Amino acid sequence: MNQDSTFDTNGTNCTGTIKFLYSYGGRIVPPSIEGHGGMLRYEGGHTRILSVDQSISFAELMVKFGDSCGYSVNMKCKLPKHDLDQLVSIKSKGELKSVKEDYDRASPGEKIRVVLFPIPVKQISPSPPTSYVDFPSGCKS
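Residues numbered from 1 in each chain as written. Predicted model: local features only at pLDDT ≥ 70, side-chain atom pairs only at ≥ 80, totals over all residues. Heavy atoms only, no water.

If you look the chain up in an unreviewed UniProt entry, it shows as PB1 domain-containing protein from Fraxinus pennsylvanica.

Rendered as structure tokens:
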């Protein structure tokens, strides 16, 4: 048992850390003909582990992920015992808590599998040129 963690009577980690196995900068691809057991896989990019205190706020967690990637991200978690086709968008600490509870029930101590996607930058269309001279609409000679 981890010394910095407390476990309840069901063996669920009550305090301590949450560990994430996260990937970014790559893409999810279909299985190749040979291998991977017909499962989707993450290809390219980077895969890292992040361990954080369970008391971290959702905003702080997203800042840590963003700092690691170098850009703002959306977080999607793989459900335990499912393929990467079962990604759930996580937008709050409550949603993250639900996924963590699913992992604790299915595979206690397993790292939460996360795929980070860049937040698209909204395109700002240029405003029409502003005229600084007021031209009359009709011409008289």
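Additional details are given in the paragraphs that follow.
### Some words on the packing of aromatic side chains
Rules: Two aromatic rings, drawn from Phe, Tyr or Trp (for Trp, its six-membered ring), form a pair once their centres lie within 6.5 Å of each other, and the interplanar angle then sorts them: stacked below 30 degrees, edge-to-face above 60, tilted otherwise. The numbering of helices and of strands both runs from the N terminus, where a helix is a DSSP run of H or I of at least 4 residues and a strand a run of E of at least 2. Note on classification: 1.4 Å probe, protein chains only; a residue is buried when its accessible area is under 20% of the maximum for its type, exposed when over 50%, partly exposed between these limits. In this scheme, the term charge over a ring applies when either NZ of a lysine or CZ of an arginine sits within 6 Å of the ring centre and within 35 degrees of the ring normal.
In total, this model carries three aromatic pairs according to the counting rule given. Where Phe20 meets Phe65, the ring centres are 5.6 Å apart and the plane angle is 80°; that geometry is what we call edge-to-face. Placement of Phe20 in strand E1 (residues 17–29) and of Phe65 in helix H1 (residues 58–69) is noted, with a sequence separation of 45 residues between them. Phe65 matches Phe20 in its accessibility class, with the two residues each being buried. With centroids separated by 6.1 Å and ring planes inclined at 15°, the aromatic side chains of Tyr22 and Tyr24 adopt a geometry described as stacked. The pair formed by Tyr22 and Tyr24 is uniform in burial state, with each residue classed as buried. Taken together through their ring pairs, the aromatic side chains of Phe20, Tyr22, Tyr24 and Phe65 make up a single cluster. Above the ring of Phe117, the side-chain terminus of Lys76 is found at 5.3 Å from the ring centroid.

### Regarding the pattern of salt bridges
Think of it this way: side chains of opposite charge can pair up when their charged atoms draw near. Going by this rule: Whenever a carboxyl oxygen of Asp or Glu lies within 4 Å of a side-chain nitrogen of Lys or Arg, that contact is scored as a salt bridge.
Tallying each qualifying case throughout the model produces five salt bridges. For the salt bridge of Arg27 with Glu43, the shortest nitrogen-to-oxygen distance reads 3.1 Å. You can see Arg27 sitting in strand E1 and its partner Glu43 sitting in strand E2 (residues 41–53), a full 16 residues away along the chain. Residues Lys100 and Asp104 are paired through a salt bridge, measuring 2.5 Å at the closest nitrogen-oxygen approach.

### Describing helix H2 (residues 93–106)
Spacing of three or four residues puts side chains on the same side of an α-helix, whose turn is 3.6 residues. Using the following cut-off: Any helix carries an expected span of 1.5 Å times its number of residues minus one. Directions are taken from the helix axis to each C-beta atom, and the arc is the one they span. Whether two residues touch is decided by their heavy atoms; if any such pair falls within 4.5 Å, the residues are in contact.
Taking 1.5 Å as the rise per residue, H2 with 14 residues should run 20 Å; its terminal C-alpha atoms sit 20 Å apart, in good agreement. Turning to H2, its buried residues number three or more, namely Leu96, Val99, Lys100, Tyr103 and Asp104. Down the axis, H2 shows its buried residues gathered within 145° of arc, on one side only. The outward face of H2, more than 90 degrees from its buried face, is lined by the exposed residues Lys97 and Arg105. On the buried face of H2, the contacting elements are E1, H1, strand E3 (73–78), strand E4 (87–90) and strand E5 (112–118).

### Examining H1
Its 12 residues place the ends of H1 17 Å apart at the C-alpha level, agreeing with the 16 Å of an ideal helix rising 1.5 Å per residue. Along H1, the positions that sit buried rather than exposed are Phe58, Leu61, Met62, Phe65, Gly66 and Cys69. An end-on view of H1 places all buried positions within 135° of arc, on one side of the element. Opposite the packed face of H1, turned more than 90 degrees from it, sit the exposed residues Ala59 and Asp67. On its buried side, H1 packs onto E1, E2, E3, E4, H2 and E5.

### Considerations on the nonpolar core
Selection rule: Only buried residues count toward a nonpolar core. Its members are Ala, Val, Leu, Ile, Met, Phe, Trp, Tyr and Cys residues joined through side-chain atoms within 4.5 Å.
The biggest cluster of nonpolar side chains holds 22 residues, and the ones touching the most others in it are Phe20, Leu61, Phe65, Met75, Ile112, Val114 and Leu116. Secondary-structure elements contributing two or more residues to this core are E1, E2, H1, E3, H2 and E5. Excluding anything up to four places from it in sequence, Met75 contacts Phe58, Leu61, Met62, Phe65, Val88, Ser89, Ile90, Leu96, Val114, Val115 and Leu116.

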